[in-house]
Amino acid sequence: MTKKAYITGISGQDGAYLARLLLGKGYEVFGLQTRRGSDTLWRLREMELLDKVTLLDGDLLDLSSQLRALEKSQPDEVYNLAAQSFVATSWTQPVLTAQVTGIGALNVLEAVRIFNSRVRFYQASSSEMFGKVESDKQSEKVKFHPRSPYAFSKVFAHWATINYRESFGIHASSGILFNHESPLRGLEFVTRKITDGVARIKLGKQEKLALGNLDARRDWGYAEDYVEAMWLMLQQDEPDDYAVGMGRTNSVREFCELAFGHVGLDYQQHVVVDPAFYRPAEVDVLFADPSKARQKLGWNPQTTLAELVRMMVDADLKRVERE
Ligand code: NDP
Ligand code: GDR
């Protein structure tokens, strides 16, 4: 029988890659579509997936829309990827972030419990929950110290997921994913801001690129590899929590060096630091210990940071050329 999946956040970076992965595995794919003014479906269009998935109207804040979506899609698996996912915005819109990223996840869990508690559920948790890190590397066992409204909202959703597993026996898993990037990354995130900036500077459309803290370190991987870990979690006999990252850490400065270097430019000639991009509380360093995901899920991503950077810069060069 054809398996069915319902994805909230299908119009986001991970939603698009996950939809493609599941379609490739023969799933029928449904996705939540919000009604916003701007073109939120550009990723699905770019990947030629728009006519292959069924979009259902709704919002994470509206529990009834989640119940309707489950009723319509009759899914075997639910992936809750929707969120206000930009950390910087979470300080200017803390309440909205808590509602969408925190309560929104609870709405989906409630909908699953009410509709059919045999549905398998995935929650998109985040390495931001580790925040002010207390150990050199972070596994699912490390204590959380969230440093932003985004992060504390994700902690809420993470514990809601565990609680629904323990209270109602729902097959609910939480993937604590470290930063993952791709040519489909939103322009507000630092990697894509850099690769888009590199393309514009290389093609003579811009001279400088203003960034914030160049010393922040992140464990960056390739989004397409990470959606496979999500799917693998829901194929396990038992639900569980997994830290998912590459097990490497690099600074924003190093990312700049690689990205500018790929087109023969020196980042120091173009990058300027603008304190407007500093955060009220920074997460200085993230460095994954993904041993459990590697051992139990057999997850084995191979994309190097240099490959990821090249892929993103090349895609942005093409986009800017087309403009
Ligand atoms: P994106 O920001 O690219 O996508 C977010 C999605 O959430 C969009 O589809 C957006 O829809 C949707 N959304 C926002 N608000 C609502 C709402 N009120 N109701 C319904 N949908 C809404 O995120 P990513 O794809 O990068 O990330 C996917 C998930 O994984 C997020 O939960 C994120 O917090 C989490 N995460 C991401 C990591 C990463 O490095 N990418 C790492 C760890 C966790 P619309 O397009 O209509 O606005
Ligand atoms: P992050 O990603 O906050 O880790 O959250 P982002 O790319 O926004 O920031 C990474 C680091 O870069 C520093 N930085 C800048 N960031 C942005 N956006 N713009 C800049 O100009 C800039 N200059 C320096 C930041 O201070 C930060 O330290 C992402 C999101 O996808 C979350 O949803 C997800 O949960 C986490 O990754 C894991």
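Residues numbered from 1 in each chain as written. Chains lettered and ligands numbered in written order. Predicted model: local features only at pLDDT ≥ 70, side-chain atom pairs only at ≥ 80, totals over all residues. Heavy atoms only, no water.

## Looking at the pattern of salt bridges
By the definition in use, this model includes 19 salt bridges. Linking R218 and E128 is a salt bridge whose minimum nitrogen-to-oxygen distance equals 3.6 Å. Here E128 lies in the loop between β5 (120–126) and α6 (149–168) and R218 lies in strand β9 (residues 217–218), a separation of 90 residues in the sequence. Just as R218 is buried, E128 falls in that class too. For R192, the salt bridge identified is with D316, shortest N-O distance 2.8 Å. With R192 in helix α7 (residues 190–202) and D316 in helix α11 (residues 305–322), this pair connects stretches of sequence that are 124 residues apart. As far as the burial class goes, R192 and D316 line up, both buried. Linked through salt bridges whose partners overlap, the residues forming this network are E46, R192, D316 and R319. (Salt bridge = Lys/Arg side-chain N within 4 Å of Asp/Glu carboxyl O. Helix = DSSP H or I, 4+ residues; strand = E, 2+ residues; numbered from the N terminus. Buried < 20%, exposed > 50% of the residue type's maximum accessible area, 1.4 Å probe, protein only.)

## A few points about the site of ligand 2
Taken together, 22 residues form the shell around ligand 2, and within it S85, S126, Y150, R279 and E282 come nearest. In the environment of ligand 2, an oxygen atom lies 2.6 Å from a nitrogen or oxygen atom belonging to the side chain of S126. Take R185: an N or O atom from its side chain is 2.9 Å from an oxygen atom of ligand 2. Considered on its own, ligand 2 offers 710 Å² of accessible surface; in the complex 95% of this is hidden by protein. (Near = heavy atom within 4 Å. Polar contact = N/O pair within 3.5 Å; in protein donor to acceptor, adjacent residues only side chain to side chain. Areas by Shrake-Rupley, 256 points an atom, 1.4 Å probe, with all protein chains shown as cover.)

## So, the packing of aromatic side chains
What describes a pair of aromatic rings is the distance from one ring centre to the other and the angle between the planes of the rings. Using the criterion set out here, one finds eight aromatic pairs in the structure. An angle of 50° between the planes, with centres 5.6 Å apart, marks the rings of F130 and F144 as tilted. Of this pair, F130 sits in the loop between β5 and α6 while F144 sits in the loop between β5 and α6, and the two are 14 residues apart along the sequence. Among the residues examined, F130 registers a relative accessible area of 1% and is labelled buried. Pairwise contacts between aromatic rings join F130, F144 and F178 into one cluster. Above the ring of F189, the side-chain terminus of R185 is found at 3.9 Å from the ring centroid. Here the guanidinium or amino end of K193 rests over the ring plane of F277, the centre of that ring lying 3.3 Å away. (Phe/Tyr/Trp six-rings, centres within 6.5 Å; stacked < 30°, edge-to-face > 60°. Lys NZ or Arg CZ within 6 Å of the ring centre and 35° of its normal.)

## Here's the deal with the site of ligand 1
Close to ligand 1 lie 27 residues; S11, T34, S85, Y150 and K154 are nearest. Contacts to ligand 1 include L60, whose backbone N or O atom sits 2.9 Å from a nitrogen atom. One nitrogen or oxygen atom from the main chain of L81 is found 2.9 Å from an oxygen atom belonging to ligand 1. Across the complex, the protein chains shield 89% of the 900 Å² of accessible surface that ligand 1 would expose by itself. Those elements giving two or more residues to the shell around ligand 1 turn out to be α1 (13–24), β5 and α6. Among the elements that line the shell around ligand 1, the one with the most residues is β5, at three residues. Residues belonging to the shell around ligand 1 are distributed by class as follows: ten nonpolar, eleven polar and six charged. (Nonpolar A, V, L, I, M, F, W, Y, C, P; charged D, E, K, R; others polar.)

## Description of the sheet that holds β5
Strand pairs in the sheet, formed through backbone hydrogen bonds, run parallel or antiparallel to each other. Spatially, the seven strands line up as an open sheet ordered β3-β2-β1-β4-β5-β6-β11, and their pairing is parallel. Each edge of the open sheet carries a strand with a single partner, namely β3 (54–57) and β11 (241–244). Averaged over all neighbouring strand pairs, the angle between strand axes comes to 20°, with direction disregarded. Strand contacts of α1: β1 (4–8), β2 (28–33) and β4 (77–80), with the helix running at about 175° to β1, the strand carrying the most contacts. Along the sheet, helix α3 (residues 63–73) makes contact with β1, β2, β3 and β4, crossing β1 at roughly 155°. (Pairing = 2+ DSSP bridges. Axes fitted to C-alpha atoms, helices over the stretch in contact; angles between N-to-C directions. Contact = heavy atoms within 4.5 Å.)

## Considerations on helix α8 (residues 223–235)
For α8, which comprises 13 residues, the first-to-last C-alpha distance of 19 Å matches the rise-based estimate of 18 Å (1.5 Å per residue) to within 8%. Residues of α8 that are buried: A223, D225, Y226, V227, A229, M230, W231, L232, M233 and L234. (Expected span 1.5 Å × (residues − 1).)

## Details of the side chain of D316
Taking relative accessible area as the criterion, D316 reaches 1% and is therefore assigned buried. Sequence-distant contacts of D316, that is, excluding residues within four places in its chain, are made with R192, T195, D196 and A199.

## Notes on the domain arrangement of the chain
By domain assignment, the chain separates into domain 1 (4–180 + 222–244) and domain 2 (186–219 + 248–286 + 303–322). Taken over C-alpha atoms, the centre of domain 1 sits 26 Å from the centre of domain 2. Taken together, the 20 residues of domain 1 in the interface contact 17 residues of domain 2. Each partner contributes to the roughly 1,700 Å² buried at the junction of domain 1 and domain 2, and carbon and sulfur atoms together form 57% of this total. Across the domain 1-domain 2 interface, the total number found is two salt bridges. Along the contact surface separating domain 1 from domain 2 lie three residue pairs in polar contact (both at pLDDT 80 or more). Elements with a minimum of two residues in the side of domain 1 that touches domain 2: α2 (42–46) and α8. (Domains from an automatic or database assignment. Buried area = accessible area lost by both parts, 1.4 Å probe.)

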